[in-house]
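Chain residues, written in single-letter form:
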Amino acid sequence: MAHNFDLVIIGGGILGTSLSFFLSNLNESKQIAVIEQAPDVAFHTSGRNTGKVHAPYLYNPGKKKMFAKAAYHGYDMWKKYSEIKNLPFKEDGVIEVSRDQKGTKILEKYLIWGIENGLKEEEIKILTKSELKKIEPEIKCHAALQVHRDASTDYSILTRSIMKDSKQKGIKFLLDTKVTDIRNKDGKWKITLNHEHEIFSNFIINAAGGESIDIAHKVNVAKNLTDVHFRGEYWKAPKEYNNLTKTSVYSVPEFPDYPFLDPHWIIRVNGTCEIGPNAVPVFSPYGYKRSENIKEFIPKILEMLGSGARKAIFDKQFQELAINEIQSSMSKSAMIDRVKRFLPKIDTDKITEKGTAGIRSSVIDENGRFVPDVVLIDDSMSFHILNYNSPGATGALPFSVHIINRLIENGYLRNEKEDSECGPWRFSDIVEKISV
Ligand SMILES: Cc1cc2nc3c(=O)[nH]c(=O)nc-3n(C[C@H](O)[C@H](O)[C@H](O)COP(=O)(O)OP(=O)(O)OC[C@H]3O[C@@H](n4cnc5c(N)ncnc54)[C@H](O)[C@@H]3O)c2cc1C
């Protein structure tokens, strides 16, 4: 193993791996490593999500322009990449339903946002209840938003392929390797791996997902921020439900002020169906099992009580939401009933198998408020990507270009090749598309 690197990316999720892909094309002479504690890339959230390549209709262009742009262009980029590599990508669209007049008003707002975020009028439209009935007879709703530019994929497969490309261009992937300590030593980072080995790097990119706040705190960055973790659980539907609807169905969220949606009816890229995810508060970014949550309970509670999260957990609406979600974790029927409101044909007794849960880490500010957008922090020897949540997988490729371009503009990185080809794309073309 080389012990000196020019740049180290912490986190081999879809974001860290996508960053490495573009860096491998721009900086061939540099020693770059991706450090991932799990045995494979996309082992955590990036490989445990709903697998949708989202159309950007849920994002207010006034507040989340960059995220919306990344989702819009991410769709085209993953589509092209999947075609070239023969990877799963199904353009199957999505339907978002409202259950009452208030919800329909929200759908109307989504329609406007979708168009402002780049969707063409033929790609997104509102359907009345009776118009929807003709297409999807089993769905019960007040109205629906039909979006054609939405797709299904398997992000684990996409991330592994991106890793393979990056490795071929010289990026080192250190798997099963946890960053356990980081210190500034004589103007370089001394990074301890698995409590025993040491490497050195001039620069760090923190793409550590649910641990990105902890990594930032280790180097004295973002001390005013903390995070709360939510486990999104899924239930698998039996084969007989594979044709219950033609497309996946989402519903207008009950608590739109919080950064997660209500459980959906999901058609996966392989044609199987699932219900989920909910958002159950847990104590670790890897709190899939009770044992991990018990281990992290006391440290996380102490951290929350000493930070802005204290205000969030004492907030009445947050408590109501948390109780709702915990109920939906403890009782299968409480979760499935939320989907039965718009798909009444589902028989809860026929749903017996759990799917793979994924964990979302939401950043909370010093006032106890959920930070609505991604947080990017430049420091002289490090760059931190915090709160990189949905639709993070959709936008990972263009978002990585945005970050690398920012590092180039700020003088932290150099683009060694003018107008570089990065796989099937030209770097400067993507920069132009996503500039806001
Ligand atoms: C339930 C759920 C459903 C979702 N559905 C969708 C969807 O349908 N479409 C969509 O676009 N987005 C979806 N998302 C969002 C999307 O999955 C995330 O935005 C994206 O995966 C984040 O990628 P990441 O690389 O930042 O994080 P991660 O995938 O969490 O990767 C970070 C990596 O860093 C590693 N790491 C952390 N600390 C260390 C350390 N100290 N040392 C070494 N390694 C470390 C971790 O092991 C991890 O593998 C969903 C999210 C959830 C939770």
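Rules and cut-offs
- Residues numbered from 1 in each chain as written.
- Predicted model: local features only at pLDDT ≥ 70, side-chain atom pairs only at ≥ 80, totals over all residues.
- Helix = DSSP H or I, 4+ residues; strand = E, 2+ residues; numbered from the N terminus.
- Rg over C-alpha atoms; globule rule 2.2 N^0.38 Å.
- Buried ≥ 20, exposed ≤ 12 C-beta atoms within 10 Å, placed from the backbone.
- Contact = placed C-beta atoms within 7 Å.
- Near = placed C-beta within 6 Å.
- Domains from an automatic or database assignment.
- Pairing = 2+ DSSP bridges.
- Axes fitted to C-alpha atoms, helices over the stretch in contact; angles between N-to-C directions.
- Expected span 1.5 Å × (residues − 1).
- Parallel < 35°, antiparallel > 145°, perpendicular 65-115°, else oblique.
- Left-handed = near helix turned anticlockwise from the far one by under 90°.
- Nonpolar A, V, L, I, M, F, W, Y, C, P; charged D, E, K, R; others polar.
- Bend = angle between axes of the 7 residues up to and from the residue.
- Core = buried A, V, L, I, M, F, W, Y, C linked by C-beta atoms within 7 Å.

### Some details on the overall build of the protein
Counting secondary structure elements, the protein contains 12 helices and 24 strands. A compact globule built from 436 residues should have a C-alpha radius of gyration of about 22 Å, and the protein, at 21 Å, falls within 12% of that. By principal-axis analysis of the C-alpha atoms, the protein measures approximately 65 × 50 × 40 Å. Here the protein holds 436 residues, and the buried ones make up 48% of them. Sequence separation of at least 24 residues holds for 76% of the intrachain contacts in the protein that already meet a minimum separation of 6.

### Points about the site of the ligand
In the vicinity of the ligand lie 39 residues, with G11, G13, G209, G232 and G392 positioned nearest. Secondary structure elements with two or more residues in the shell around the ligand: α1 (14–26), β20 (358–364) and α11 (392–409). Both domains that furnish three or more residues to the shell around the ligand are identified here as domain 1 (1–93 + 153–225 + 371–436) and domain 2 (226–369).

### Some words on the sheet that holds β20
As summarised here, the arrangement of the 3 strands in space is β18-β13-β20, forming an open sheet in which the pairing is antiparallel. Of all the strands in the sheet, the pair left with one neighbour each is β18 (280–282) and β20. Going from strand to strand, the sheet's axes swing by 40° on average, the running direction of each strand aside. Direction of pairing for strand β13 (residues 226–232) relative to β18: antiparallel, over a ladder of 3 bridges. Bridge pairing links H229 to V282 in β18.

### Some remarks on the environment of I14
Within the element layout of this structure, I14 appears in helix α1. Its 30 C-beta neighbours within 10 Å are what place I14 among the buried residues. Sequence separation between I14 and K300 is 286 residues, and the spatial gap between their C-alpha atoms is 26 Å. If near-sequence neighbours (up to four positions away) are discounted, I14 is found in contact with A42, S46, Y155, T159, A393 and A396.

### A closer look at α1
Between its first and last C-alpha, α1 extends 19 Å over 13 residues, near the 18 Å set by a 1.5 Å rise per residue. Burial of α1 is extensive: 13 of the 13 residues sit out of reach of the surface.

### Here's the deal with the pairing of strand β16 (residues 264–267)
Burial along β16 is two-sided: the residues H264 and I266 and W265 and I267 are all buried. Of the pairings in the sheet, the one linking β16 to strand β17 (residues 273–276) comprises 4 bridges and is antiparallel in character. From the neighbouring strand, I267 faces β17, where its bridge partner is C273. Taking the residues that link successive antiparallel strands as the turn, the β16-β17 hairpin has 5 residues, and the phi of G271 there is positive, at about 90°.

### Focus: the sheet that holds strand β8 (residues 151–153)
Spatial ordering of the open sheet is given by β3-β8-β4, a layout of 3 strands whose pairing is antiparallel. The sheet is open, and its two borders are formed by β3 (52–53) and β4 (89–90), each paired with just one other strand. With 2 bridges joining them, β4 and β8 adopt antiparallel strand pairing. Note on β8: the bridge partner recorded for K90 is S152.

### Regarding the packing of helix α2 (residues 65–85) against α11
Contact pair α2 / α11: the axes reach a minimum separation of 6 Å and the direction vectors enclose 115°. Regarding the angle of α2 to α11, the classification is roughly perpendicular. α11 is crossed by α2, and the crossing has right-handed handedness. On α11, the residues touching M66, F67, A70, A71, H73, G74, Y75, M77 and W78 of α2 are T394, G395, A396, L397, P398, F399 and H402. In the contact of α2 with α11, the residues fall into 11 nonpolar, 5 polar and no charged.

### So, helix α7 (residues 290–305)
Quick reminder: α-helices carry 3.6 residues per turn. Residues three or four places apart thus point the same way. Over its 16 residues, α7 extends 21 Å from the first C-alpha to the last, a length consistent with the 22 Å expected when each residue adds 1.5 Å. Helix geometry: α7 is bent most strongly at F297, by close to 50°, with proline P299 lying one to four residues after it.

### Re the domain arrangement of the protein
Domain parsing of the protein yields domain 1 (1–93 + 153–225 + 371–436) and domain 2 (226–369). If you average the C-alpha positions of domain 1 and of domain 2, the two centres end up 25 Å apart. Each partner contributes to the interface: domain 1 provides 25 residues, whereas domain 2 provides 24 residues. The residue inventory of the side of domain 1 that touches domain 2, partitioned by class, reads 7 nonpolar, 12 polar and 6 charged.

### Some points on the nonpolar core
Judged by nonpolar contacts, the single largest core of 123 residues is most densely connected at V8, I10, L19, F22, I275 and I404. It is α2 that provides the largest number of residues to this core, a total of 9 residues. Residues lining this core come from more than one domain, with at least three contributed by each of domain 1 (1–93 + 153–225 + 371–436) and domain 2 (226–369). When near neighbours in sequence (up to four residues on either side) are disregarded, I404 contacts L19, F22, L23, L26 and L413.

### A few points about the pairing of strand β5 (residues 94–98)
Of all the 5 residues making up β5, 5 are buried; the element is thus mostly covered by neighbouring parts of the structure. Alternating positions in β5 separate into two faces, V94, E96 and S98 on one and I95 and V97 on the other, with burial throughout. Sheet topology note: the β5/strand β7 (residues 143–147) ladder contains 5 bridges and is antiparallel. Bridging from a neighbouring strand, S98 pairs with A143 of β7. As judged from the 4 bridges shared by β5 and strand β15 (residues 248–251), these two strands associate in the parallel manner. Looking at the pairing, V94 lines up with S248 of β15.

### Section: the packing of α1 against α11
Direction vectors running N to C along α1 and α11 enclose 40°, while the axes themselves pass 8 Å from each other. Put simply, α1 runs oblique to α11. Remark: the crossing between α1 and α11 carries right-handed chirality. In contact with I14, L15, S18, L19, F22, L23 and L26 of α1, α11 contributes G392, A393, A396, L397, S400, V401, I403 and I404. In terms of residue class, the contact of α1 with α11 is built from 12 nonpolar, 3 polar and no charged.

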